[in-house]
Every structure is written in C-alpha cells, then in structure tokens.
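Okay, here's what each chain looks like letter by letter:
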Amino acid sequence: MKTVKVQQLSREAFHKFGDYAQLIDPLDQCATGPKDATLAFFRDMLPVDLGGAMPSFSTCRIMPRPMVVNAAEFHNHTCEAAMPLDQDAIIWVAPAGAGKELNADEVEAFYVPQGTIVKLQPGVWHHALFATEDRPLNVMIVLPERAYFNDIYCIDVPADNQVEVVK
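Remember, predicted model here, so these are calculated numbers, not experimental data.

Draft legend 1. Up close: the environment of Met83. Within the fold, Met83 resides in strand 6 (residues 80–84). Linking Met83 and Gln114, residues 31 residues apart in sequence, is a C-alpha distance of 7.2 Å. Residues in contact with Met83, not counting those within four places in the same chain, are Leu23, Gly115, Thr116, Ile117, Asn138, Val139 and Met140.

Draft legend 2. Geometry of the sheet that holds strand 9 (residues 116–120). Judged by pairing direction, the sheet is antiparallel, and its 5 strands sit side by side in the order 2-9-6-11-3 without closing on themselves. Sheet topology places strand 2 (18–22) and strand 3 (55–62) at the edges, where each strand pairs with a single neighbour. Ignoring which end each strand starts from, the neighbouring axes of this sheet average 20° apart.

Draft legend 3. The arrangement of the packing of aromatic side chains in detail. Here the structure, examined in full by the defined rule, presents 6 aromatic pairs. Aromatic rings pair up to connect Phe14, Phe17 and Phe110 into one cluster. Sitting over the face of the ring of Tyr20, Arg11 holds its NZ or CZ atom 4.2 Å from the ring centroid. Looking at Lys100, its charged tip hangs above the ring of Tyr153, at a distance of 4.4 Å from the centre.

What counts, and at which threshold
Residues numbered from 1 in each chain as written. Predicted model: local features only at pLDDT ≥ 70, side-chain atom pairs only at ≥ 80, totals over all residues. Heavy atoms only, no water. Helix = DSSP H or I, 4+ residues; strand = E, 2+ residues; numbered from the N terminus. Contact = heavy atoms within 4.5 Å. Pairing = 2+ DSSP bridges. Axes fitted to C-alpha atoms, helices over the stretch in contact; angles between N-to-C directions. Phe/Tyr/Trp six-rings, centres within 6.5 Å; stacked < 30°, edge-to-face > 60°. Lys NZ or Arg CZ within 6 Å of the ring centre and 35° of its normal.

The values are spatial; any link to function lies outside them.
Now the structure itself:
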C-alpha cells in the first residue's frame with residue numbers, strides 16, 4: 001500500500017486543490033477595522049462558487065478510524081467547503097482528472113486546524129476527513145442543496161490502490 005505524509009496547510013501546497021481561510025483567528029487584512037476592536041467583522045474570507053445554487057450547510061460526524069483512503073468522491077459542477085468544528089483534522093485530496101479512477105500516486109494529505117475552512121475545486125478527489133483525536137470529529141460541509149444526490153461521483157478504492165495517510 002502506498003503511503004502519503006500529512007503536510008502543513010499552506011497556500012503554496014494547497015492551491016491546486018482549492019483555498020482555505022482560518023475563521024477562528026483570521027488575518028488582519030480581512031477585518032473591516034482593527035482586529036482587536038470591540039467588534040471586528042472579517043468579510044468575504046472564502047468565496048465558494050456553488051454554481052448559482054443555494055448553499056446548504058450540513059454536518060458530518062466522523063468516528064476515529066484508520067487513516068486509509070478506501071473510498072473517494074468528487075463533484076463535477078461545484079466546489080465543496082469543509083471545516084472541522086471541534087478538533088483538528090486531516091484531509092486527503094487528489095487532482096481532478098479526466099478518468100473515473102483515483103490515481104494513488106497523486107494523493108496528498110493536509111493537516112487542517114480546527115476552525116479552518118477548506119474549499120475544494122470541482123473535480124478534486126476527496127472523502128471524509130480524518131479525526132486527529134480518539135473521539136468523533138464533527139465537520140461542517142457546505143455544498144449546493146442536494147449536490148450529494150445530483151452532482152457526486154463515488155467509488156470504493158480497490159485494495160491495491162488504497163493509500164495510507166501517515167502523520
């Protein structure tokens with residue numbers, strides 16, 4: 001089984017898959033005024049193109065499990081945003097491609113701090129995040145309404161193509 005090492009999240013490393021924003025402690029340039037003011041508004045931190053559809057906010061509860069890529073999905077027409085709510089998480093991704101099979105050699109994994117929202121471009125392979133602690137992980141998912149039904153391609157990854165994610 002191929003292994004992939006978890007990377008720190010950075011714009012340079014993650015840009016080919018999408019973007020991200022730290023919502024808990026945002027950068028100063030996002031604020032409409034001083035970051036330490038009594039009230040600070042951090043605007044337009046992560047625009048997500050949902051193809052003109054109404055955004056739907058969902059929660060995915062993920063139990064601790066082995067960090068093995070054994071299932072994969074992508075969306076053809078929309079971005080997906082995901083944010084770990086109650087602990088840090090690990091996300092794996094692979095570039096969009098013309099085929100309907102995951103290329104294990106292209107899988108990368110990133111450490112996502114709690115409260116950081118990641119945006120995946122259409123076509124990017126991914127699946128449920130991995131918990132970093134031995135307790136359930138709750139992740140906010142933003143997709144167009146019913147995209148999980150009408151804009152999703154899912155596969156079970158064959159054993160000989162699975163990837164183990166290592167810290």
